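Close look at the chain arrangement
As a plain string of letters, each chain reads:
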Amino acid sequence: MAVVCSDGLLRVYDLSVVRAKQQGLWQTQPVQKLQQSQLQQLPAGTGSLASRQGTTNSCSIGDGSRKHQQQVLSEVQNMPLKQPKVQQKAKPAAAAARQAPGPLHIKPLHAAFAGLQHRKLQEILMVYGEFPARYRSLIWEYLLHLPHNSTAFTLLQNKGMHAAFKNIHQQLCLLGSRSTLAVRLQSCLSQLAHWCPLFGEVGFLPRFTFPFVKLFGTMMETTFEVAATLLLNWCKGWFELFPNAPLPLLRRFLLMLAHHDQELGSHLQSLGLPLLQQLWEQLSGALSDLLPSQQDWLVLWDHCLAAPAGPCFMYKLLASYLIRQRRLLLAVRDEQQLTQLFESRPAVDIQQLVQQAYKLQETTPHYAVVGSITLTPLPSVPAGSASYPAFNEYPVGSIELQEMQRRRIQEAEDALIRRRQVTTTYIDVCS
């Protein structure tokens with residue numbers, strides 16, 4: 001008989017010996033050995049069989065005066081069969097990192113994340129109303145398809161400050177000529193003027209460029225290429241009559257406005273030149289003077305850059321603003337009231353303004369479109385190319401005349417300063 005004992009061993013006893021023990025018969029029983037066939041009949045799950053002959057256990061009987069040597073036939077260690085160890089594959093480092101909690105580090109997205117296509121970005125913009133502030137600059141870079149021509153930019157940067165922007169801090173009332181913002185603005189304007197002589201003579205360029213310089217900060221190459229792309233596309237047609245304002249373009253804008261709001265368009269046309277000057281003031285400032293907060297301006301340009309209509313959507317935004325201020329504009333009767341209205345910057349819901357601009361875009365006929373409908377980015381040049389493409393959509397003769405006038409004025413100012421220095425020195429000597 002096989003019995004599993006409390007110590008985990010399987011012991012096999014002869015039943016005749018057990019019965020003899022119970023009946024008080026203490027005759028020694030011969031030790032029987034298990035045959036191989038008997039061992040094979042033992043319960044499954046046993047691991048090893050050890051035959052131990054001559055092993056004795058002392059058994060006490062009754063008063064313990066007599067002892068009997070019990071013969072243990074065999075002992076079987078009841079151990080489960082060893083399962084082969086399955087080596088677990090080492091987890092990848094990325095999976096281990098995901099399981100182990102730790103601080104969250106968000107790295108700035110690179111412009112290559114733009115596997116998100118232009119259409120996907122437009123969908124995000126329509127759902128959330130604006131791009132996330134953290135990634136706005138990267139998204140704008142992608143939308144404008146900047147080439148990042150570092151070699152050509154370095155050559156422009158090495159030319160130093162342009163003479164036309166020597167005292168730019170005085171024009172914009174910045175903190176001082178040594179302020180970081182003033183230095184960045186001077187640098188960007190100088191690079192634009194070195195790239196194209198026209199931009200050294202354009203009076204509105206500091207106002208147009210300043211918000212973008214402030215947004216992109218230390219990324220000087222990106223700031224320059226953004227400004228250049230905007231001047232080539234969103235400012236298309238602005239320089240045909242330079243140094244005069246683009247009056248034909250502004251009149252086409254009023255015709256487009258009259259198409260959507262006949263009463264308002266007719267009233268604004270009756271205001272004549274003062275209204276055209278105010279419209280030009282707003283456009284040449286990149287619409288930054290229309291809205292009371294910088295955040296609203298950023299949202300406005302999110303849609304201006306991402307709209308499927310292209311650069312011409314900027315004029316739809318301006319038309320939408322005028323329609324939103326319809327009641328106030330219809331009450332204007334002269335130039336002074338008009339100027340006061342635009343300088344007061346009336347509050348406007350930026351999201352409603354943008355939505356109305358999209359509706360205007362859907363209902364504007366092709367003949368009434370103002371501005372370019374396609375984006376022409378700066379071309380991606382081979383690495384090491386030493387120049388950006390030339391910009392020549394302006395009257396060259398006017399620029400030469402402007403340069404001559406500026407040089408004459410600069411020479412007169414220098415002569416006046418020298419005279420003052422001589423006079424001061426003479427007075428000091430005489431005293």
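Please refer to the structure higher up on the page.
The rules behind these values
Residues numbered from 1 in each chain as written. Predicted model: local features only at pLDDT ≥ 70, side-chain atom pairs only at ≥ 80, totals over all residues. Heavy atoms only, no water. Helix = DSSP H or I, 4+ residues; strand = E, 2+ residues; numbered from the N terminus. Buried < 20%, exposed > 50% of the residue type's maximum accessible area, 1.4 Å probe, protein only. Contact = heavy atoms within 4.5 Å. Areas by Shrake-Rupley, 256 points an atom, 1.4 Å probe, with all protein chains shown as cover. 1 Å grid on protein atoms, 1.4 Å probe; cavity = no way out; pocket = protein on both sides within 12 Å on 5 of 7 lines; lining within 4 Å. Points joined across faces, edges and corners; volume = space filled by probe spheres on them. Nonpolar A, V, L, I, M, F, W, Y, C, P; charged D, E, K, R; others polar. Core = buried A, V, L, I, M, F, W, Y, C linked by side-chain atoms within 4.5 Å. Expected span 1.5 Å × (residues − 1). Phe/Tyr/Trp six-rings, centres within 6.5 Å; stacked < 30°, edge-to-face > 60°. Salt bridge = Lys/Arg side-chain N within 4 Å of Asp/Glu carboxyl O. Axes fitted to C-alpha atoms, helices over the stretch in contact; angles between N-to-C directions. Parallel < 35°, antiparallel > 145°, perpendicular 65-115°, else oblique. Polar contact = N/O pair within 3.5 Å; in protein donor to acceptor, adjacent residues only side chain to side chain.

A closer look at the overall build of the chain
Per the secondary structure count, the chain includes 19 helices and six strands. A buried classification covers 41% of the 431 residues belonging to the chain. Across the chain, every contact between residues at least 6 apart in sequence was considered, and the portion connecting residues at least 24 apart equals 75%. About 25,100 Å² of surface is accessible on the chain, with carbon and sulfur atoms providing 54% of the total.

Digging into empty space enclosed by the protein
Counted under the stated rule, the structure contains four cavities of 30 Å³ or more. Surrounding the second largest cavity, Tyr321, Gln325, Leu329, Leu341, Phe342 and Pro346 form its lining. Considering only residue class, the lining of the second largest cavity consists of five nonpolar, one polar and no charged.

A word on the nonpolar core
Formed by 103 residues in total, the largest nonpolar core has its most connected members in Leu192, Trp195, Phe199, Trp238, Phe239 and Trp301. Examining the composition of this core, we find that nine residues originate from one element, helix α15 (residues 313-324), more than from any other. Setting aside its immediate chain neighbours within four residues, Phe239 contacts Leu198, Phe199, Val202, Phe204, Leu231, Phe391, Glu393, Tyr394 and Pro395.

Looking at helix α13 (residues 273-284)
Look at α13: 16 Å from first C-alpha to last across twelve residues, which is about the 16 Å you get at 1.5 Å a residue. Among the residues of α13, those classed as buried are Leu275, Leu276, Gln278, Leu279, Trp280, Gln282, Leu283 and Ser284. Tucked inside the fold, the buried residues of α13 contact α9 (205-216), α11 (247-260), α12 (262-271), α15 and α17 (335-344). Two residues or fewer past α13, Ala286 is found with a positive phi of approximately 60 degrees.

Description of the packing of aromatic side chains
Each aromatic ring pair is characterised by the separation of its centres together with the angle its planes make. Counted by the stated rule, this structure contains 21 aromatic pairs. Ring centres of Trp195 and Phe224 lie 6.0 Å apart, and the angle between their planes is 80 degrees; on these two criteria the pair is classed as edge-to-face. Of this pair, Trp195 sits in helix α8 (residues 180-195) while Phe224 sits in helix α10 (residues 220-233), placing them 29 residues apart in sequence. As far as the burial class goes, Trp195 and Phe224 line up, both buried. Taken together, a centroid distance of 5.4 Å and an interplanar angle of 85 degrees make the contact between Phe212 and Trp301 edge-to-face. Taken together, the residues Phe212 in helix α9 and Trp301 in helix α14 (residues 294-306) connect sequence positions 89 residues apart. Across the pair, Trp301 and Phe212 agree in class, each one buried.

A closer look at the pattern of salt bridges
When charged atoms on two side chains of opposite charge get close, those side chains can pair. The final tally for this structure, using the stated rule, is nine salt bridges. Among the salt bridges present, the one from Glu123 reaches Lys120, with a minimum N-O distance of 3.9 Å. With Glu123 and Lys120 both in helix α4 (residues 118-128) and three residues apart, this pair spans about one turn of that helix. Between Asp302 and Arg136 there is a salt bridge, with its nearest N and O atoms 2.9 Å apart. Separated by 166 residues along the polypeptide, Asp302 in helix α14 and Arg136 in helix α5 (residues 136-144) bring together distant segments of the chain. An identical accessibility class is assigned to Asp302 and Arg136; each is buried.

Let's talk about the environment of His267
In this fold, His267 is placed in helix α12. Take His267: its relative accessible area is 14%, and that puts it in the buried class. Linking His267 and Ala331, residues 64 residues apart in sequence, is a C-alpha distance of 9.7 Å. Not counting chain neighbours up to four residues away, the residues in contact with His267 comprise Leu329, Leu330, Val332 and Arg333.

Here's the deal with unusual backbone geometry
Each neighbour pair has its own omega, and for Phe242 with Pro243 the value is 10 degrees, a cis peptide bond. As for its placement among the helices and strands, Pro243 is situated in the loop between α10 and α11. Phi at His145 takes a positive value of approximately 55 degrees, unusual for a residue other than glycine. Position of His145 relative to the elements: it lies in the loop between α5 and α6 (150-158). You can call His145 partly exposed: its relative accessible area is 41%. If you check the backbone angles, His148 has positive phi at about 55 degrees while not being a glycine. For His148, the location among the structural elements is in the loop between α5 and α6.

A word on the packing of α11 against α12
Relative to each other, α11 and α12 sit at 150 degrees, their axes nearing to 5 Å. By the angle between their directions, the pair α11 and α12 is classed as roughly antiparallel. Contacts from Leu254, Leu255, Leu257, Ala258 and His260 in α11 reach Gln262, Leu264, Gly265, Leu268 and Gln269 in α12. Tallied by class, residues from the contact of α11 with α12 come to six nonpolar, four polar and no charged.

A look at the environment of Lys166
Examined against the element boundaries, Lys166 turns out to sit in the loop between α6 and α7 (168-172). Along the chain, Lys166 and Ser190 lie 24 residues apart, while their C-alpha atoms are 9.2 Å from each other. Beyond its immediate stretch of four places on either side in the chain, Lys166 contacts Met161 and Gln186.

A word on the side chain of Thr364
In this fold, Thr364 is placed in the loop between α18 (350-363) and α19 (396-430). Among the residues examined, Thr364 registers a relative accessible area of 12% and is labelled buried. Of note is the side chain of Thr364, whose polar atom sits 2.8 Å from the side chain of His260. A distance of 2.5 Å separates the side chain of Thr364 from the backbone oxygen of Leu360, its partner in a polar contact. Once you skip the residues sitting within four places of it in the chain, Thr364 turns out to touch Met256, His260, Lys316 and Val369.

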